[in-house]
Amino acid sequence: MKIATFNINGIKARQAALTDWLSEAEPDVVLLQEIKSVDDAFPREVFEDMGYNVETHGQKSFNGVAILSRRPLEDVTRGLPGDDADDQARWIEATVMGDTHAIRLCGLYLPNGNPVEFGADGTPEHNGKYGYKLDWMDRLHARAEALMEAEMPALMAGDYNIIPQAEDAAKPEAWAKDALFLPQSRAAFRRILNLGFTEAFRARHPGPGHYSFWDYQAGAWNRNNGIRIDHVLMTPACADLMTDVGIDREVRGRDKPSDHVPVWVELAA
DNA sequence: ATGGCAAACCTTGTTTGA
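These numbers were taken from a predicted model, which means no experiment stands behind them.

What to know about the sheet that holds strand 7 (residues 102-109)
Argument step 1. The mixed open sheet is built from six strands, whose spatial order is 5-6-7-8-12-9. Strands at the two margins of the open sheet, each flanked by one partner only, are strand 5 (73-78) and strand 9 (198-199).
Argument step 2. With six bridges connecting them, strand 7 and strand 8 (residues 154-159) associate as parallel partners. Its bridge partner lying in strand 8, Y109 is registered against D159.
Argument step 3. Contacts from helix 3 (residues 128-149) reach strand 6 (91-97), strand 7 and strand 8, with the element oriented near 175° to strand 7.
Argument step 4. Contacting strand 8, strand 9 and strand 12 (230-234), helix 4 (residues 183-193) runs over the sheet at an angle of about 30° to strand 12.

A look at the environment of W91
Argument step 1. Note on placement: W91 falls in strand 6.
Argument step 2. Note on W91: relative accessible area 1%, which makes it buried.
Argument step 3. Of the polar contacts made by the side chain of W91, one reaches the side chain of E93; its length is 3.0 Å.

Describing the protein's contact with DNA strand B
Argument step 1. Within the structure, DNA strand B sits among 24 residues, and E34, S61, Y109, N112 and K129 are positioned closest to it.
Argument step 2. Looking at DNA strand B alone, sugar and phosphate atoms form 75% of those within 4 Å of the protein.
Argument step 3. Contact between DNA strand B and K60: a phosphate oxygen at 3.4 Å from a side-chain N or O atom of the residue.
Argument step 4. In the environment of DNA strand B, a sugar or linking oxygen lies 3.4 Å from a nitrogen or oxygen atom belonging to the backbone of Y216.

Describing the sheet that holds strand 4 (residues 65-69)
Argument step 1. One open sheet holds the six strands; their spatial order is 3-4-2-1-14-13, and the pairing between them is mixed. Either end of the sheet is taken by a strand with one partner, and the two such strands are strand 3 (53-57) and strand 13 (242-247). Between one strand axis and the next, the sheet turns through 15° on average, direction left out of account.
Argument step 2. Strand direction decides the pairing type here: strand 1 (residues 2-7) and strand 14 (residues 263-267), joined by four bridges, are antiparallel. Note on strand 14: the bridge partner recorded for I3 is V265.
Argument step 3. Sitting on the sheet, helix 1 (residues 11-25) touches strand 1, strand 2 (29-33) and strand 4, and the angle it makes with strand 1 is about 160°.

Side note on the pairing of strand 8
Argument step 1. Counting buried residues along strand 8, six of its six residues qualify, which places the element largely inside the surrounding structure.
Argument step 2. One crossover worth recording links strand 7 to the parallel strand 8 by way of helix 3, and it is right-handed.
Argument step 3. When strand 8 meets strand 12, the two strands line up antiparallel, connected through five bridges. Residue pairing in the sheet places D159 in a bridge with D230 of strand 12.

So, the packing of aromatic side chains
Argument step 1. In total, this model carries six aromatic pairs according to the counting rule given.
Argument step 2. A centroid spacing of 5.8 Å and a plane angle of 40° characterise the contact between F42 and F47, whose relative ring orientation is tilted.
Argument step 3. Since its relative accessible area comes to 0%, F47 is described here as buried.
Argument step 4. Each ring, one from W91 and one from W136, has its centre 6.2 Å from the other, and the planes form 70°; the classification is edge-to-face. Placement of W91 in strand 6 and of W136 in helix 3 is noted, with a sequence separation of 45 residues between them.
Argument step 5. Classification of W136 as buried rests on a relative accessible area of 1%.
Argument step 6. Grouping aromatic residues by their ring pairs yields a cluster made of Y211, W214 and W221.
Argument step 7. Geometry around F118 places K177 over its ring, the cationic atom sitting 5.4 Å from the centre.
Argument step 8. Taking the ring centre of F181 as reference, the NZ or CZ of R186 above it sits at 4.2 Å.

Some thoughts on the UniProt feature "binding site: Mg(2+)" (unreviewed entry) in chain A
Argument step 1. Within the UniProt annotation, "binding site: Mg(2+)" (unreviewed entry) is assigned to N7, E34, D159, N161, D259 and H260. Spanning 254 residues, the named residues form one tight spatial group whose C-alpha atoms are at most 12.8 Å apart.
Argument step 2. Within the secondary structure layout, N7 lies in strand 1.
Argument step 3. Residue class for N7 comes out buried when judged on its relative accessible area of 0%.
Argument step 4. Filtering out sequence-adjacent residues up to four positions away, N7 remains in contact with Q33, E34, Y109, D159, D230, S258 and H260.

Some remarks on the UniProt feature "site: Transition state stabilizer" (unreviewed entry) in chain A
Argument step 1. As annotated in UniProt, the feature "site: Transition state stabilizer" (unreviewed entry) corresponds to N161 in the numbering used here.
Argument step 2. Looking at the element boundaries, N161 is found in the loop between strand 8 and helix 4.
Argument step 3. For N161, a relative accessible area of 6% corresponds to the buried category.
Argument step 4. When near neighbours in sequence (up to four residues on either side) are disregarded, N161 contacts Y109, L110, P111, N112, K133, A179, L180 and I229.
Argument step 5. A polar atom in the side chain of N161 sits 2.8 Å from the backbone oxygen of L110.

Rules behind the numbers
Residues numbered from 1 in each chain as written. Chains lettered and ligands numbered in written order. Predicted model: local features only at pLDDT ≥ 70, side-chain atom pairs only at ≥ 80, totals over all residues. Heavy atoms only, no water. Pairing = 2+ DSSP bridges. Helix = DSSP H or I, 4+ residues; strand = E, 2+ residues; numbered from the N terminus. Contact = heavy atoms within 4.5 Å. Axes fitted to C-alpha atoms, helices over the stretch in contact; angles between N-to-C directions. Buried < 20%, exposed > 50% of the residue type's maximum accessible area, 1.4 Å probe, protein only. Polar contact = N/O pair within 3.5 Å; in protein donor to acceptor, adjacent residues only side chain to side chain. Near = heavy atom within 4 Å. Right-handed = clockwise from strand over helix to strand, strands pointing away. Phe/Tyr/Trp six-rings, centres within 6.5 Å; stacked < 30°, edge-to-face > 60°. Lys NZ or Arg CZ within 6 Å of the ring centre and 35° of its normal. UniProt positions renumbered as here; feature names shortened; annotations may be inferred.

Right, dumping it as structure tokens:
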């Protein structure tokens, strides 16, 4: 079973690019981020005609996540637990029924967190958008802990807006004071990994030069000035099923591309 | 910090992203 994550940066603008990629990559499941659409405006028929079940959790203009799956989805839930006042659409879960295993899928669009305010001592303030990011990651940790304790193999995939290590950026120095690369952001990510998750891509592909995002600005793609911020985290029971993992980087060079590219895992499930 | 680009809004500029 091939499961991918793809921040498409607007479903209306990316419909053709997405259907093209679906036809050639043939994923069984795709976790989408930044659909930038309300549920009613999502072109679900386009994907249903391609054989996918569609579950969305959208909002107007920004954010929004969705799941496309050729296999049945069960027990769909929307929203990351832990803050009833949070109305940003950044989290969706479902169970996908494979041939041999049921897998709990979590699709996430982790807050960017910029701009960051710094105190007199040079440390980031826990307020505003950066405070929201750190608080959101605390809630993610809590959900991750529960997934780890459950019996069902599970994965959490999406746009984490985290550059885990310097080798995950072409120019790490440019990100030193950015919410994506601050030590506090990376520590919060490691704290989740340290529950026992396997980060799929790094389990197979060490070393620099692997990216999942290239800014539209300043010729970032042509200069290969990228960062790796889209990740698949698997519980041990899920990691045991992984047979392959990859990044479809060539998608970034096409017409009207998203600024992110798909990251996928193949599971023996 | 800004923002060379892009998307959504319901526009002719503003907001947001990373």
